[in-house]
Amino acid sequence: MPHPLHAELTQGLSALGLLLSPETEQRLLDYLDLIARWNKVYNLTAVRDPQDMLRQHLLDCLAAVPLLDGADQARGAGAGAWRILDVGSGAGLPGVVLAIVRPQWQVTCVDTVAKKASFIRQVGVELGLPNLQAVHQRVEEMDTPPFDLITSRAFASLADFIALTRERLAPQGRWAAMKAHLTEEERAAVPPDVQITGVSPLVVPGLEAQRCLVWMHPDT
C-alpha cells in the first residue's frame, strides 16, 4: 500500500526539479515516519501533523538541494567528497535529508541535545546511511577536520552562526544558512571579514512562507 504522503512528496520533488529514485523517495518517507514515531516520546519538533512535517520539514529542506548541487559542482572534478556540517541539527534538518538524497556527500549533524543526536544515529542505522554521522557536542568544542560546507536551519543569527563555527570551516569553505528572511540588522551584524555572497530565495511547494539560503565565506 502506498504511503499516504507519497503523491504529495512526488509532486513536491517535481516542482523542485529533483529526480530521485523510488528507493530514495521511500527513505524520505521512512524518515518522516521515524520523526513522527520518536516525536511522541522525545519532542523532536513542535510540528505534529505528518502532512505539515512533509511541507515544513522535508520539502523545506529539499528546496535547498538544487542550490547546494550547484555549489558542489562548482568545486570542480577531483575535489573529493563534500564534507558537510549541519549545526543545531535537531531532528536532522537539513542534514539527514541531504544525506538521504546525496549519498556522495559526507554529512555530520551536531546538536547539544543528546536525545536528538541519538535519534539521528538511529535514523542512519535504520535507513542505511553510511554517509551520516551524529555528534552530541557543542560545535565550538568539536575537534574534527574542517568542513567544506557548514549549514544550519533556523539555528541562530548569522553573526552567532559564524562565531560558533568559524574554526570548523575549511580554508576554501562556505557557510549556507537556511532562514525565513534576512533583515538589514542581521546583515549589518555580520563580521567585516566575512562576505555575504548571495541570498537565494527558496520556494517550498505547498508552503506559502518566506525562505532563503544565505551564502557566506571568509574574506581572503
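Up top is the structure these notes are about.
Attention in this report is confined to the structure presented alongside it.

### Describing the pattern of salt bridges
Here is step 1 of the chain: By the definition in use, this model includes nine salt bridges.
Here is step 2 of the chain: Here Arg55 makes a salt bridge to Glu8, at a shortest N to O gap of 2.5 Å. A residue pair is termed long-range when its members are at least 10 positions apart, and Arg55 in helix H3 (residues 50–62) and Glu8 in helix H1 (residues 6–16) qualify at 47 residues.
Here is step 3 of the chain: Residues joined in a network through salt bridges with shared partners are Asp60, Arg153 and Arg211.

### Remarks on H3
Counting along an α-helix, one turn takes 3.6 residues, and residues three or four places apart therefore face a common direction.
Here is step 1 of the chain: Listed as buried for H3 are Met53, Leu54, His57, Leu58, Leu59, Asp60, Cys61 and Leu62.
Here is step 2 of the chain: Among the structural elements, H1, helix H2 (22–42), helix H4 (65–73), helix H5 (95–101), strand S4 (147–153) and strand S5 (169–179) are those in contact with the buried residues of H3.
Here is step 3 of the chain: With a side-chain oxygen positioned 3.1 Å from the backbone nitrogen of Gln51, the residue opening H3 is Asp49.

### Brief notes about the packing of H2 against H3
Between two packed helices, both the angle of their axes relative to each other and the distance between the axes serve to describe the pair.
Here is step 1 of the chain: Close contact between H2 and H3 brings their axes to 11 Å; oriented N to C, the two are set at 125°. By the criterion of interaxial angle, the relationship of H2 to H3 is oblique. Crossing angle aside, the handedness with which H2 passes H3 is right-handed. Judged by residue contacts, Leu28, Tyr31, Leu32, Ile35, Ala36 and Asn39 of H2 engage Pro50, Met53, Leu54, Leu58 and Leu62 from H3.
Here is step 2 of the chain: By residue class, the composition of the contact of H2 with H3 is ten nonpolar, one polar and no charged.

### A few points about the sheet that holds strand S1 (residues 83–87)
Here is step 1 of the chain: If you walk across this open sheet you meet the seven strands as S3-S2-S1-S4-S5-S7-S6, and the pairing is mixed. Each edge of the open sheet is held by one strand with a lone partner, namely strand S3 (132–136) and strand S6 (194–201). The sheet shows a mean angle of 20° between the axes of neighbouring strands, direction not considered.
Here is step 2 of the chain: Relative to S4, S1 runs parallel, the two sharing four bridges.

### Examining the state of the cysteines
Here is step 1 of the chain: According to the stated counting rule, one finds zero disulfides in the structure shown.
Here is step 2 of the chain: Not part of a disulfide, Cys61 finds its nearest cysteine sulfur in Cys109, a span of 10 Å.
Here is step 3 of the chain: A relative accessible area of 1% places Cys109 in the buried class.

### Describing the packing of H1 against H3
Here is step 1 of the chain: At a minimum axis separation of 11 Å, H1 and H3 run at an interaxial angle of 25°. The angle between H1 and H3 places the two elements in the roughly parallel class. Two packed elements cross with a definite hand, and for H1 against H3 that hand is right-handed. Facing H1, whose interface residues are Glu8, Leu9, Gly12, Leu13 and Leu16, H3 presents Gln51, Leu54, Arg55, Leu59 and Leu62.

The rules behind the values
- Residues numbered from 1 in each chain as written.
- Predicted model: local features only at pLDDT ≥ 70, side-chain atom pairs only at ≥ 80, totals over all residues.
- Heavy atoms only, no water.
- Salt bridge = Lys/Arg side-chain N within 4 Å of Asp/Glu carboxyl O.
- Helix = DSSP H or I, 4+ residues; strand = E, 2+ residues; numbered from the N terminus.
- Buried < 20%, exposed > 50% of the residue type's maximum accessible area, 1.4 Å probe, protein only.
- Contact = heavy atoms within 4.5 Å.
- Polar contact = N/O pair within 3.5 Å; in protein donor to acceptor, adjacent residues only side chain to side chain.
- Axes fitted to C-alpha atoms, helices over the stretch in contact; angles between N-to-C directions.
- Parallel < 35°, antiparallel > 145°, perpendicular 65-115°, else oblique.
- Left-handed = near helix turned anticlockwise from the far one by under 90°.
- Nonpolar A, V, L, I, M, F, W, Y, C, P; charged D, E, K, R; others polar.
- Pairing = 2+ DSSP bridges.
- Disulfide = S-S within 2.5 Å.

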